[in-house]
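So the chains spell out like this:
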Amino acid sequence: MTGAGDGGTTVLGDAERRMANGEAVAGPATYGVRSEQDLLTVRHAVRAATRRAGFSIVDQTRVVTAASELARNAYVHGGGGTLAIDYPTRGDAVGLRLTVTDDGPGIDDVPTALADGYTTGSGLGHGLGGARRLMDEFDIHTEVGGGTTVTATRWAVR
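Residues numbered from 1 in each chain as written. Predicted model: local features only at pLDDT ≥ 70, side-chain atom pairs only at ≥ 80, totals over all residues. Heavy atoms only, no water.

**Let's talk about the nonpolar core**
Then, number 1: With 33 residues, the main nonpolar core has Val46, Leu83, Ile85, Leu96 and Leu98 as its most contacted residues.
Then, number 2: Residue assignment for this core shows that the elements contributing at least two residues are strand 1 (29–33), helix 2 (36–53), helix 3 (57–76), strand 2 (81–86), strand 4 (93–102), helix 4 (110–114), helix 5 (127–134) and strand 6 (147–155).
Then, number 3: In terms of residue count, helix 3 provides more of this core than any other element does, 7 residues in total. (Core = buried A, V, L, I, M, F, W, Y, C linked by side-chain atoms within 4.5 Å. Buried < 20%, exposed > 50% of the residue type's maximum accessible area, 1.4 Å probe, protein only. Helix = DSSP H or I, 4+ residues; strand = E, 2+ residues; numbered from the N terminus.)

Below you can see the structure in the form of structure tokens.
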């Protein structure tokens, strides 16, 4: 799906259409994160993706929570961005990879930003570090003045 952030209709993308038909998926589904409505769209899309990937209800909640935190950070601190959902595989395991990108100011001190209690706003300071704990793999690429990309993957246990 692609969400244009215009409050309009979300269009079923090629990757999601093929996944729904039981076909292999080569590319990610990408959503714009430019409004409060986009945050809701992302949560719904990630929830649907976790179901398609075969996640337990507990892992669905973990991934949706992480996605919500990462998308909100891109929206609030990065001035908007995108969230891509991909389905990596390793052996017979399927995963869900979230890639959240923004063109904001970047993070000048990643270890501090990942620490519990750290916040640049009015939040509780659990967002980035909490998202990292909810996922199996977590990577941040950031450049001060050049934006941030967070890639987080959770593997379905079957």
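**Considerations on the packing of helix 3 against helix 5**
Packed helix pairs are characterised by how far apart their axes lie and by the angle those axes make with each other.
Then, number 1: Interhelical geometry of helix 3 versus helix 5 gives an angle of 150° and a closest axis separation of 9 Å. Compared by their axis directions, helix 3 and helix 5 come out roughly antiparallel. With respect to the hand of their crossing, helix 3 and helix 5 are arranged in left-handed fashion. Contact residues: Arg62, Thr65, Ala66, Glu69, Leu70 and Asn73 in helix 3; Gly127, Leu128, Ala131 and Leu134 in helix 5. (Axes fitted to C-alpha atoms, helices over the stretch in contact; angles between N-to-C directions. Parallel < 35°, antiparallel > 145°, perpendicular 65-115°, else oblique. Left-handed = near helix turned anticlockwise from the far one by under 90°. Contact = heavy atoms within 4.5 Å.)

**Comments concerning the packing of helix 2 against helix 3**
Then, number 1: Remark: helix 2 packs on helix 3, axes separated minimally by 9 Å, with the N-to-C direction vectors making an angle of 150°. The pairing of helix 2 with helix 3 is recorded here as roughly antiparallel in orientation. Helix-helix and strand crossings are classified by hand; for helix 2 and helix 3 the assignment is right-handed. Residues Glu36, Leu39, Val42, Arg43, Val46, Arg47, Thr50 and Arg51 of helix 2 lie in contact with helix 3, whose contacting residues are Ile57, Gln60, Thr61, Val63, Val64, Ala67, Ser68, Ala71, Arg72 and Tyr75.
Then, number 2: Grouping the amino acids of the contact of helix 2 with helix 3 by side-chain chemistry returns 9 nonpolar, 4 polar and 5 charged. (Nonpolar A, V, L, I, M, F, W, Y, C, P; charged D, E, K, R; others polar.)

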